[in-house]
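Descriptive analysis of the structure
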Amino acid sequence: MIILLSVALFSNIPLGYLRQGVAKRSALWMLYIHLSIPFLFTLRHHYGFSWRVIPFTLSCAVIGQLVGGRLRKRADRV
C-alpha cells in the first residue's frame, strides 16, 4: 500500500506543477488533474487492493497536486 500511495503522491507533484501554469478549468488543466487516474487504477488492481483504498490514493493525489502547484507559485516568484 505504501508503494501505491507514494506513486499517487509523487506522480501528481509534476502534474500539479504543470497545472498551475495553465488557465483554470481549461482542457489542459483538466488533463493534468486526471492524467494519473488510469495509472493509479492499474496499480491498484495489479496489487489486488479493493475500492476501499481509493480515498487514500485520492487524498495522496490531491496533496501531490497542491504541493506541485505551490512549487510552481514559488518558482514564479523568484
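Anyway, here's the lowdown on the structure attached to this text. (Residues numbered from 1 in each chain as written. Predicted model: local features only at pLDDT ≥ 70, side-chain atom pairs only at ≥ 80, totals over all residues. Heavy atoms only, no water.)

**Section: the overall build of the protein chain**
A tally of regular secondary structure across the protein chain gives 4 helices and 0 strands. Dimensions of the protein chain, computed from C-alpha atoms along their principal axes, come out at roughly 45 × 25 × 15 Å. In the protein chain, buried positions account for 29% of the 78 residues. The contacts in the protein chain between residues at least 6 apart in sequence include a share of 76% that link residues at least 24 apart. Accessible area for the protein chain stands at about 5,500 Å²; split by element, carbon and sulfur atoms hold 70% of it. (Helix = DSSP H or I, 4+ residues; strand = E, 2+ residues; numbered from the N terminus. Buried < 20%, exposed > 50% of the residue type's maximum accessible area, 1.4 Å probe, protein only. Contact = heavy atoms within 4.5 Å. Areas by Shrake-Rupley, 256 points an atom, 1.4 Å probe, with all protein chains shown as cover.)

**Notes on helix α3 (residues 37-46)**
Listed as buried for α3 are Leu40, Leu43 and Arg44. Take α3 and look down its axis: the buried residues cluster within an arc of 100°, on one side only. Opposite the buried face of α3, at more than 90 degrees from it, the exposed residues are Pro38 and His46. Taken together, the buried residues of α3 touch α1 (2-19) and α4 (54-77). Directly beyond the C-terminal end of α3, a positive phi value near 80° is found at Gly48. (Arc of directions from axis to C-beta.)

**Comments concerning the nonpolar core**
Listed in full, the 7 residues of the largest apolar core are Leu4, Leu5, Ala8, Leu40, Leu43, Val53 and Cys60. Counting only elements with at least two residues in this core, the list comes to α1 and α3. Sort the elements by how many residues they give to this core and α1 lands first, with 3 residues. (Core = buried A, V, L, I, M, F, W, Y, C linked by side-chain atoms within 4.5 Å.)

**Section: the pattern of salt bridges**
Applying the stated rule across the entire model yields 1 salt bridge. In this structure, the salt-bridge partner of Arg72 is Asp76, at a minimum N-O distance of 3.6 Å. Of the two residues, Arg72 and Asp76 both sit in helix α4, 4 residues apart, roughly one turn of that helix. Residue class for Asp76 comes out exposed when judged on its relative accessible area of 55%. (Salt bridge = Lys/Arg side-chain N within 4 Å of Asp/Glu carboxyl O.)

**Describing a positive patch on the surface**
Together, Lys24, Arg25, Arg70, Lys73, Arg74 and Arg77 make up a region of like positive charge exposed at the surface. Its place among the elements puts Lys73 in helix α4. (Patch = residues over 30% accessible without salt bridge, like charges linked within 9 Å, V, L, I, M, F, W, Y side chains within 5 Å. Lys, Arg positive; Asp, Glu negative; His and termini not counted. Charge placed at Lys NZ, Arg CZ, Asp CG, Glu CD.)

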